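These are the residues of each chain, in order.
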Amino acid sequence: MEAFLREVQEVVKRYPQKRAAILPALYLAEQRFGWLSQEAYEAVAEALNMPKATVKGVATFYSMYRKAPMGRNLIQLCTNVACMVMGAETLLQLLERRYGLRPGGTTEDGRFSLVVMECIGACDRAPAMLVNKDFHPNLNENNIIEILEGYS
Ligand code: FES
């Protein structure tokens, strides 16, 4: 907890007001706790000296934060127009067949969680996904499984 408070305090220094650091502080909490649990909200509230309800209110406004426990690897598959035209729907079906994985779900073994994204800025290399922080463009039914098998 001490280390987390120090990390947040470092981030706070970059902003004119503590309150402005709430989004990066939530991101740090997500990294530290794995998701935004009650414990994570409390830690951010303490670090920024603001009510937990305020912290939680901000977090719930943004869909990008993890508000439930996730698998060890987070797949963020783009399903916006360019990716959908280039086969994202087929890839979603494949992920369900292969791993029993649906958007918003996690595999039984906790290996993968899947969320669908609204454009990750790689329309010219669609369909594309992120796995954790790794970017994977030009996906198809063959290479997506090969890529995912590299994550344990
Ligand atoms: S629509 Fe998928 S990256 Fe833009």
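How each quantity is defined
Residues numbered from 1 in each chain as written. Predicted model: local features only at pLDDT ≥ 70, side-chain atom pairs only at ≥ 80, totals over all residues. Helix = DSSP H or I, 4+ residues; strand = E, 2+ residues; numbered from the N terminus. Buried ≥ 20, exposed ≤ 12 C-beta atoms within 10 Å, placed from the backbone. Contact = placed C-beta atoms within 7 Å. Domains from an automatic or database assignment. Axes fitted to C-alpha atoms, helices over the stretch in contact; angles between N-to-C directions. Parallel < 35°, antiparallel > 145°, perpendicular 65-115°, else oblique. Left-handed = near helix turned anticlockwise from the far one by under 90°. Nonpolar A, V, L, I, M, F, W, Y, C, P; charged D, E, K, R; others polar. Core = buried A, V, L, I, M, F, W, Y, C linked by C-beta atoms within 7 Å.

Draft legend 1. Inspection of the overall build of the protein at higher detail. Summing up its helical and strand segments, the protein has 7 helices and 4 strands in all. Projected onto the principal axes, the alpha-carbon positions of the protein cover approximately 50 × 35 × 25 Å. Here the protein holds 152 residues, and the buried ones make up 26% of them. A separation of at least 24 residues holds for 55% of the contacts in the protein among residues at least 6 apart in sequence.

Draft legend 2. Fine view of the domain arrangement of the protein. Partitioning the protein into structural domains gives domain 1 (2–61) and domain 2 (73–148). Computed from C-alpha atoms alone, the centre-to-centre distance between domain 1 and domain 2 is 29 Å.

Draft legend 3. Inspection of the packing of helix α1 (residues 2–12) against helix α2 (residues 22–33) at higher detail. Contact pair α1 / α2: the axes reach a minimum separation of 10 Å and the direction vectors enclose 155°. By the angle between their axes, α1 is roughly antiparallel relative to α2. Relative to α2, α1 is oriented so that their crossing is right-handed. Contact residues: α1 offers Phe4, Glu7, Val8 and Val11, while α2 offers Pro24, Ala25, Leu28 and Arg32.

Draft legend 4. The arrangement of the packing of α1 against helix α3 (residues 38–48) in detail. At a minimum axis separation of 10 Å, α1 and α3 run at an interaxial angle of 55°. Taken together, the axes of α1 and α3 lie oblique to each other. Of the two elements, α1 crosses α3, and the hand of that crossing is right-handed. Contact residues: Phe4, Leu5 and Val8 in α1; Ala43, Ala47 and Leu48 in α3. In terms of residue class, the contact of α1 with α3 is made up of 6 nonpolar, no polar and no charged.

Draft legend 5. Representation of the environment of Leu23 in the model. One can find Leu23 in helix α2. Exposure remark for Leu23: the 14 C-beta atoms within 10 Å place this residue in the partly exposed category. The sequence separation of Leu23 and Ala59 amounts to 36 residues, and the corresponding C-alpha distance is 7.8 Å.

Draft legend 6. How the structure looks around the environment of Ile144. Structurally, the position occupied by Ile144 is in helix α7 (residues 143–148). Assessed through the 22 C-beta atoms surrounding it within 10 Å, Ile144 is described here as buried. In the structure, Ile144 is positioned 50 residues away from Leu94 in sequence and 9.2 Å away in space, judged by C-alpha atoms. In contact with Ile144, not counting residues within four places along its chain, are Leu91, Leu94 and Leu139.

Draft legend 7. Structural detail: the nonpolar core. Within the largest apolar cluster, 18 residues are counted, with the highest numbers of intra-cluster contacts made by Leu77, Cys78, Leu91, Leu114, Ala128 and Met129. Elements with a contribution of two residues or more to this core: β1 (73–78), α6 (88–99), β2 (112–117) and α7. In terms of residue count, α6 provides more of this core than any other element does, 4 residues in total. Setting aside its immediate chain neighbours within four residues, Ala128 contacts Cys78, Cys83, Ile120, Ala122, His136, Pro137 and Leu139. Core analysis: the next-biggest nonpolar cluster, separate from the first, contains 16 residues, Ala40, Val44, Leu48 and Val55 among them.

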